[in-house]
Amino acid sequence: MTTRTTFRVPGWALGLAGVAVLLLVLQVLPVAGVVDRRFLPPATEMFQALSSWFVSPQFWTALGQTLTTWITGLAIAFVAGTVLGILIGEIPGLRALTASTIEFLRPVPSVALVPLVVILYGPTMQSTLILVVYASIWQVLLQVLAGVGSVDPVADDTARSYRFGLLTRIRTVTLPSSLPYVITGLRLAATVALILTLTGELLIGTPGLGSLLLIARASGQYALIYGLVLVAGALGLAVNLVFRQIERWTLFWHPSIRGEVAA
Amino acid sequence: MSASTPAARVLRAAGLGLWKAVLFVLLPAVLVTIWWFASAGSTDPQVPALSVVLEKFSTVWFTEPFSQSLFVKAVVPSVTRLLIGFGIALVLGVVLGVLIGTFRPLRDFLEPALEFFRAIPPPILAPILMLFLGIDHALKIAIIAVGAVWPILLNTIEGVRGIDPVLKDTAQAYRLGPARRLFALTLPGAGPQIFTGARQALSIAMILMVIGEMFAAFDGIGSAIATFQATFATASMWSAVLILGSIGVVLALLFGAVERVVLKWYRGYLRTQRGGA
Amino acid sequence: MAGKTHGADLSVRNVRKVYTGRGAAVEAIQDLSFDVKAGELVCVVGPSGAGKTTLLRILAGLLGSTSGEVALGGDLVKGPPPGMAVVLQEYGRSLFPWMTVAKNIELPLKEKGVPKAERKRLVQEALDAVSLADAGRSYPWQLSGGMQQRVAIARAVAYEPQVLLMDEPFAAVDAQTRLELEDLVRALWQRLGVTVVFVTHDIDEAVYLGEHVFVLSNRPTILLEKVTIDLGANRDQVATRTHPEFGRLRNHVYELVQHAKKGARSLDEAGLAPAWLPANGETTVRQRELITAQALAAPVVDATADVDDAPVDDAEQAGSAEA
């Protein structure tokens, strides 16, 4: 055993280096002609394309449309999923009654609905909304069900013994103790909703970033496609970060979080 | 008491089983019945009667001879590509995830870049991959693999990182070699997280299967749907929805069965952890 | 006293450990040197935060020291050495939850290249030795805490180590189980003849189990005293614990640890005479008080001389015998 005084590079610096190397590779591969420059433009061109998007009003409209679809779908799924989850979890017998239906419907892929919404609504925001809500409601519903199931039976019995009504019980016992599950469900749903928003735009042609990408593809402007991929990635990253932060803020007091710190 | 005699217990268990079976089929039966009667005699071409859809189910997908039917020509290639793509994503995700999760500097180096790739909604990568790979089998498999690898990769990294340090110490103190460490410690330790990632990956793979086929179609369910769409064959489209739905259900059931076997220890472990805490 | 000696000498020379994390460096261990002879059972006690676990991890080769060296059977320890087994405090976390009890015990044997039939025999013997003959097919989490720690001990026993390191192994089990496990460790040690280093914060446990008790100071850690426990080979939870000598040694170690908690860095600073000074009857108690008073009154440099000059002949002999 010898003296070890190695200098340790901090994690964030390594991570920054990682991103830098990635950009360098993306720059060098096309410039050196390893890959077709038309199909994979150098990183600098990608960022140029990105900045050309930023000055295009068409882009901001599309971004707004995508965000509207996403947040509307997420909100509907969140509210509906939470209400359904609490009702199914709290009303005796309802859980057993709905279990098989949920088990069958949940794995039905949301893209299966694409043909349906197309005949029913055509390339409108409604079509994509249905996909988004259908895909993300399960994330919320299942988390809420798990949350209601995790309610401390003693607390629940106490509430029942004091003859709290259903609503009071939900407000004072069920909701607070299943909150961490609800918030986790929200975070999962947010990511899924974004994926399905773009899927809908690409497949159905609903207005938004996805359909903008289809236009860029049809006109062969590949750098512009990459610019949009960068935007989509940044959007996804922002959604992840924001909802993780929300999770942390709302739950700092909760035993499941504190337990994690202790363990 | 009679309740404790074996016969009574069997009866009670049978009664409970019967009751569970009734609960299991009750709601689906009611829903299907409602659908059946509500849509019966429907004249709206967009919402055909369930009886018509079910009829299409056999006349469109299961024509004679079976080997020439649309089921064999569309569903089989789709599901094959799905499984291959998912398999590639699984192997790639777990192998890379174990490597990255094990070596701290590598993890620090790659994690921000990987987080970005994970954050890109996978469908948007389909048009790009098409540039490189054309529109053949390889493309559709690649779309699935590239999109599905991220949840597996990042969950594996997280799982490997989260392995209890006391277990790591134990493995080290008993001088476990790299191979045994991998199979006795790392993989089972990250197992629950790997399965979580794989389940997310499976549903993404399914979406990408359809996307790939709708963009660049010459066979598969997605191309069949595109054809129905172009010819306004709405009842057939409804039947395609049923097919896609059933594939999803069957895959989820298979996945659940595998998980139950592989993670048998984990369910028991969780139960005792909760009970003990 | 052990039937056959399997054990290996363990020698620790000037081990120092400084943690250099973020911010200021923390000196956990200042300077530790001691020897554990082959087949000895030594307990290490000290106030909480005395770097006991750090020391054990260094002995186990799980942690590098900043300077100094550890040798096992004459070979320098650079990583976990062959022939060493550890039992950690967190029994619930040191057993692989995805393996049955038998597989847990078998795993290190596989790595050692023990043939299958032999492995089976060793596993069963080890399970028998810890009175868990029927638990082989259970999973660890199906067992109680005490039983889980028995499995960890069985795993170490089946490994047939030369040296067994135990880090507060019974800190988290209930009192009743704890006494049983202490006797189990003594019995296994006597049967196998391994070298055992047993780290604990429980003074009674240390005195009851050990042939020697090493008392550590507060951080940065040094060795305050090596107390020889002369309570015979056969210890008994009732007879031994009620023996006057047990009480005397226990009180001595207790006082020393109390002073160590407050920062005493030598016997003199603690105002205590070494434990080997005889303490049978009132005279010696008075003697010790006298010596203590002298030690307190005298300047630090002369304190040791005063103690050495104390007119206790047999104590001198005991001291030289130990040295």
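Residues numbered from 1 in each chain as written. Chains lettered and ligands numbered in written order. Predicted model: local features only at pLDDT ≥ 70, side-chain atom pairs only at ≥ 80, totals over all residues. Heavy atoms only, no water.

- As annotated in an unreviewed UniProt entry, chain B carries the name ABC transporter permease subunit and comes from Antribacter soli.
- Per UniProt, chain B has the following entry under Sequence similarities (unreviewed entry): "Belongs to the binding-protein-dependent transport system permease family."
- If you open the UniProt record of chain B and go to Subcellular location (unreviewed entry), you find "Cell membrane". (UniProt positions renumbered as here; feature names shortened; annotations may be inferred.)

1. Some words on the overall build of chain C
Here is step 1 of the chain: When its secondary structure is counted, chain C shows 13 helices and 10 strands.
Here is step 2 of the chain: In chain C, which comprises 323 residues, the proportion classed as buried is 55%.
Here is step 3 of the chain: In chain C, the proportion of contacts linking residues at least 24 apart, taken out of those at least 6 apart, comes to 70%.
Here is step 4 of the chain: When the accessible surface of chain C is summed, it comes to about 14100 Å², and 50% of that surface belongs to carbon and sulfur atoms. (Helix = DSSP H or I, 4+ residues; strand = E, 2+ residues; numbered from the N terminus. Buried < 20%, exposed > 50% of the residue type's maximum accessible area, 1.4 Å probe, protein only. Contact = heavy atoms within 4.5 Å. Areas by Shrake-Rupley, 256 points an atom, 1.4 Å probe, with all protein chains shown as cover.)

2. Focus on the overall build of chain B
Here is step 1 of the chain: Looking only at helices and strands, chain B has 11 helices and zero strands in total.
Here is step 2 of the chain: Element order for chain B, N to C, with α for helix and β for strand: α-α-α-α-α-α-α-α-α-α-α.
Here is step 3 of the chain: Going through the 277 residues of chain B one by one, you find that 46% of them count as buried.
Here is step 4 of the chain: Counted over contacts in chain B with a minimum sequence separation of 6, partners at least 24 positions apart contribute 71%.

3. Description of helix H1 (residues 11–31) of chain A
Structural remark: α-helix, 3.6 residues per turn; residues separated by three or four positions point the same way.
Here is step 1 of the chain: A rise of 1.5 Å per residue sets the reference length of H1 of chain A, with its 21 residues, at 30 Å; its end C-alpha atoms lie 30 Å apart and thus fit the reference within 8%.
Here is step 2 of the chain: Residues of H1 of chain A that are buried include every one of Leu14, Gly15, Gly18 and Pro30 of chain A, and no others. Along H1 of chain A, the residues classed as buried sweep out an arc of 130° about the axis, all on the same side. Exposed positions of H1 of chain A whose direction lies more than 90 degrees from the buried face are Trp12, Leu16 and Leu24 of chain A.
Here is step 3 of the chain: Where H1 of chain A is buried, its residues touch helix H4 (104–119) of chain B. (Expected span 1.5 Å × (residues − 1). Arc of directions from axis to C-beta.)

4. Describing the interface of chain B and chain A
Here is step 1 of the chain: Taken together, the 47 residues of chain B in the interface contact 51 residues of chain A.
Here is step 2 of the chain: Summed over both sides, the interface between chain B and chain A buries roughly 4500 Å², with carbon and sulfur atoms accounting for 83% of that surface.
Here is step 3 of the chain: Linking chain B with chain A are zero salt bridges.
Here is step 4 of the chain: Mapped by element, the contributors of at least two residues to the side of chain B that touches chain A are helix H1 (6–39), H4, helix H5 (126–133), helix H8 (178–215), helix H9 (221–230) and helix H10 (234–262) of chain B.
Here is step 5 of the chain: It is H4 of chain B that provides the largest number of residues to the side of chain B that touches chain A, a total of 10 residues. (Buried area = accessible area lost by both parts, 1.4 Å probe. Salt bridge = Lys/Arg side-chain N within 4 Å of Asp/Glu carboxyl O.)

5. Some remarks on the sheet that holds strand E8 (residues 195–199) of chain C
All names here are of chain C.
Here is step 1 of the chain: Ordered in space as E5-E4-E1-E2-E10-E9-E3-E8-E7-E6, the 10 strands form an open sheet in which the pairing is mixed. The two strands at the open ends of the sheet, each matched to only one other strand, are strand E5 (75–76) and strand E6 (84–87).
Here is step 2 of the chain: As paired strands, strand E3 (residues 41–45) and E8 are joined by four bridges and run parallel to one another. Note that in E8 the partner of Leu41 across the bridge is Val196. (Pairing = 2+ DSSP bridges.)

6. Some words on a nonpolar patch on the surface
Residue and element names in this part refer to chain B.
Here is step 1 of the chain: Side chains of Ile84, Ile88, Val91, Leu92, Val95, Leu96, Leu99, Phe103 and Leu106 sit close together on the surface and give an oily, nonpolar patch of about 750 Å² of accessible area.
Here is step 2 of the chain: Considering every element that reaches the nonpolar patch, the biggest residue donor is helix H3 (residues 70–102), with seven residues.
Here is step 3 of the chain: Checked against the element boundaries, Phe103 lands in the loop between H3 and H4. (Patch = residues over 30% accessible without salt bridge, like charges linked within 9 Å, V, L, I, M, F, W, Y side chains within 5 Å.)

7. Re the nonpolar core
Here is step 1 of the chain: Formed by 141 residues in total, the largest nonpolar core has its most connected members in Leu209 of chain A together with Trp61 and Ile221 of chain B.
Here is step 2 of the chain: The dominant element in this core, judged by the number of residues it contributes, is H8 of chain B, at 17 residues.
Here is step 3 of the chain: The contact partners of Leu209 of chain A, leaving out residues within four places of it in the chain, are Phe59, Ala62, Leu63, Thr66, Leu198, Glu201, Leu228, Val231 and Leu235 of chain A. (Core = buried A, V, L, I, M, F, W, Y, C linked by side-chain atoms within 4.5 Å.)

8. A word on the interface of chain B and chain C
Here is step 1 of the chain: Contact residues are listed per partner, giving 22 residues for chain B and 27 residues for chain C.
Here is step 2 of the chain: For the chain B face of the interface with chain C, the top three residues by lost area are Tyr174, Arg175 and Trp265 of chain B, together amounting to 29%.
Here is step 3 of the chain: One salt bridge in this structure joins Arg57 of chain C and Asp169 of chain B, with 2.3 Å as the shortest N-O distance.
Here is step 4 of the chain: Our count for the contact surface shared by chain B and chain C stands at seven residue pairs in polar contact (both at pLDDT 80 or more).
Here is step 5 of the chain: Counting residues per element, the ones that place at least two in the side of chain B that touches chain C are helix H7 (165–173), H8 and helix H11 (264–276) of chain B.
Here is step 6 of the chain: Here the side of chain B that touches chain C gets eight residues from one element, more than from any other, and that element is H7 of chain B.
Here is step 7 of the chain: For the side of chain B that touches chain C, the per-class residue count stands at 12 nonpolar, six polar and four charged. (Polar contact = N/O pair within 3.5 Å; in protein donor to acceptor, adjacent residues only side chain to side chain. Nonpolar A, V, L, I, M, F, W, Y, C, P; charged D, E, K, R; others polar.)

9. Looking at the side chain of Ser239 of chain B
Here is step 1 of the chain: Structurally, the position occupied by Ser239 of chain B is in helix H10.
Here is step 2 of the chain: In this view, Ser239 of chain B contacts Val53, Lys56, Phe57 and Trp61 of chain B; residues no more than four positions away in its chain are not counted.

10. Points about the pairing of E8 of chain C
All names here are of chain C.
Here is step 1 of the chain: Counting buried positions along E8 yields five of five residues, so the element is predominantly enclosed.
Here is step 2 of the chain: Residues Thr195, Val197 and Val199 line one face of E8 and the alternating positions Val196 and Phe198 line the opposite face, and both faces are buried.
Here is step 3 of the chain: Looking at chain direction, strand E7 (residues 163–167) and E8 are connected through five bridges and run parallel. Among the inter-strand pairings, Leu164 is bridged to a residue of E8, identified as Val196.

11. Thoughts on the packing of aromatic side chains
The description of an aromatic ring pair uses the distance of the two centres, along with the angle that the planes make with each other.
Here is step 1 of the chain: In the structure shown here, the tally under the stated rule is 25 aromatic pairs over all chains.
Here is step 2 of the chain: Considering the side-chain rings of Phe116 of chain B and Phe117 of chain B, the 6.5 Å spacing of their centres and the 70° angle between planes classify their relative orientation as edge-to-face.
Here is step 3 of the chain: A ring pair is formed by Tyr174 of chain B and Tyr159 of chain C, whose centres lie 4.9 Å apart and whose planes are at 85°; its orientation type is edge-to-face. Residue Tyr174 of chain B is found in the loop between H7 and H8, and its partner Tyr159 of chain C is found in the loop between helix H5 (145–158) and E7; the two belong to separate chains.
Here is step 4 of the chain: Taking relative accessible area as the criterion, Tyr159 of chain C reaches 3% and is therefore assigned buried.
Here is step 5 of the chain: A network of ring pairs unites the aromatic residues Trp265, Tyr266 and Tyr269 of chain B together with Phe96 and Trp98 of chain C as a single cluster.
Here is step 6 of the chain: It is Lys112 of chain C that lies over the ring of Tyr159 of chain C; its NZ or CZ is 4.6 Å from the centre.
Here is step 7 of the chain: A cation over an aromatic ring shows up here: Arg250 of chain C above the ring of Tyr254 of chain C, its NZ or CZ 5.2 Å from the ring centre. (Phe/Tyr/Trp six-rings, centres within 6.5 Å; stacked < 30°, edge-to-face > 60°. Lys NZ or Arg CZ within 6 Å of the ring centre and 35° of its normal.)

12. Quick look at unusual backbone geometry
Here is step 1 of the chain: The omega torsion of the bond from Arg219 of chain C to Pro220 of chain C falls at -10°, within 30 degrees of zero and hence cis.
Here is step 2 of the chain: Mapped onto the fold, Pro220 of chain C is located in the loop between strand E9 (212–216) and strand E10 (221–228).
Here is step 3 of the chain: Of note, the phi angle at Arg175 of chain B is positive, near 55°, even though the residue is not glycine.
Here is step 4 of the chain: Here Arg175 of chain B lies in the loop between H7 and H8.
Here is step 5 of the chain: Using a relative accessible area of 37% as the deciding quantity, one classes Arg175 of chain B as partly exposed.
Here is step 6 of the chain: In the Ramachandran plot, Asn14 of chain C falls in the positive-phi region, its phi being about 50° despite a non-glycine side chain.
Here is step 7 of the chain: By the element assignment, Asn14 of chain C lies in strand E1 (residues 10–19).
Here is step 8 of the chain: Residue Asn14 of chain C is classed as partly exposed on the basis of its relative accessible area, which comes to 42%.

13. Topic: the side chain of Ser217 of chain C
Here is step 1 of the chain: The topology assignment puts Ser217 of chain C in the loop between E9 and E10.
Here is step 2 of the chain: Owing to a relative accessible area of 0%, Ser217 of chain C belongs among the buried residues under this scheme.

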